[in-house]
Amino acid sequence: QVQLVESGGGLVQAGGSLRLSCAASGRTFSDYAMGWFRQAPGKEREFVATISRFGSSTLYRDSVKGRFTISRDNAKNTVNLQMNSLKPEDTAVYYCAADRVLEVVRRTPNYWGQGTQVTVSS
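Not measured: the values here are computed from a predicted model.

### Things to note about the sheet that holds strand 8 (residues 78-83)
Piece 1. Ordered in space as 1-3-8-7, the 4 strands form an open sheet in which the pairing is antiparallel. The sheet is open, and its two borders are formed by strand 1 (3-7) and strand 7 (68-73), each paired with just one other strand. For this sheet the average axis-to-axis angle between neighbouring strands, irrespective of direction, equals 15 degrees.
Piece 2. The pairing of strand 3 (residues 18-25) with strand 8 spans 6 bridges and is classified as antiparallel. Counted as the bridge partner of Ala23 is Thr78 from strand 8.

### What about the nonpolar core?
As a rule of thumb, nonpolar side chains are buried together in soluble globular proteins.
Piece 1. Counting residues in each nonpolar core, the largest one holds 30 residues, and the members touching the most others are Leu4, Met34, Trp36, Val79, Leu81, Met83 and Tyr94.
Piece 2. Looking at this core, the elements with two or more residues in it are strand 3, strand 4 (33-39), strand 5 (46-51), strand 7, strand 8, strand 9 (92-99) and strand 11 (116-121).

### Notes on unusual backbone geometry
Piece 1. Look at Asn77: it is not a glycine, yet its phi comes out positive at around 55 degrees.
Piece 2. You can see Asn77 is positioned in the loop between strand 7 and strand 8.
Piece 3. Here Ser85, not a glycine, exhibits a phi torsion of approximately 50 degrees, which is positive.
Piece 4. For Ser85, the position within the fold is in the loop between strand 8 and strand 9.

### Here we look at the state of the cysteines
Piece 1. Per the counting criterion, the structure on display carries 1 disulfide.
Piece 2. Each disulfide pairs two cysteine sulfurs, and for Cys22 the partner residue is Cys96, the sulfurs being separated by 2.1 Å. Of note, the bridge from Cys22 to Cys96 carries an S-S torsion of about -80 degrees and is left-handed in sense. Placement of the pair is Cys22 in strand 3 and Cys96 in strand 9, with a sequence separation of 74 residues.
Piece 3. You can call Cys22 buried: its relative accessible area is 0%.

### Details of the packing of aromatic side chains
Piece 1. In the structure shown here, the tally under the stated rule is 4 aromatic pairs.
Piece 2. Here the aromatic rings of Phe37 and Trp112 are separated by 4.8 Å at their centres, their planes lie at 65 degrees, and the arrangement is edge-to-face. Of this pair, Phe37 sits in strand 4 while Trp112 is found in strand 10 (residues 111-112), placing the two residues 75 residues apart along the sequence.
Piece 3. Under the relative-accessibility criterion, Phe37 is labelled buried at 4%.
Piece 4. With a centroid separation of 6.3 Å and 85 degrees between ring planes, the pair formed by Tyr95 and Trp112 is classed as edge-to-face. With Tyr95 in strand 9 and Trp112 in strand 10, this pair connects stretches of sequence that are 17 residues apart.
Piece 5. Using a relative accessible area of 12% as the deciding quantity, one classes Tyr95 as buried.
Piece 6. Here the aromatic cluster, defined as three or more aromatic residues joined through ring pairs, consists of Phe37, Phe47, Tyr95 and Trp112.
Piece 7. Here Arg106 stacks its cationic end above the ring of Phe47, 5.1 Å away from the centre of that ring.

What counts and what doesn't
Residues numbered from 1 in each chain as written. Predicted model: local features only at pLDDT ≥ 70, side-chain atom pairs only at ≥ 80, totals over all residues. Heavy atoms only, no water. Pairing = 2+ DSSP bridges. Helix = DSSP H or I, 4+ residues; strand = E, 2+ residues; numbered from the N terminus. Axes fitted to C-alpha atoms, helices over the stretch in contact; angles between N-to-C directions. Core = buried A, V, L, I, M, F, W, Y, C linked by side-chain atoms within 4.5 Å. Buried < 20%, exposed > 50% of the residue type's maximum accessible area, 1.4 Å probe, protein only. Disulfide = S-S within 2.5 Å. Phe/Tyr/Trp six-rings, centres within 6.5 Å; stacked < 30°, edge-to-face > 60°. Lys NZ or Arg CZ within 6 Å of the ring centre and 35° of its normal.

Structure follows, in structure tokens:
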């Protein structure tokens, strides 16, 4: 089992920044590709960004490209999401996710965190 705990959410004005962190435990962190997802009220959960096991490959949904950056620190068992130039439409609960397979973590990851709320005011 992999346990994931997110932190760093909050309320920010449009144009501002937030940095989300996800702490992983339970298994060897570098064995897992990691991802961030989000779910806005009344909408389905959607992929935001993924990162490969050693960080060499990243992928972003189009709406966050150039504004969000995913990174990981395998020594600290953490994955981060730096979010800049935030927009009201970025408001959602953000979830950290993990899976052994990079191609899977973007669609149906095996492990999920509990989520952290991000609210962007206009």
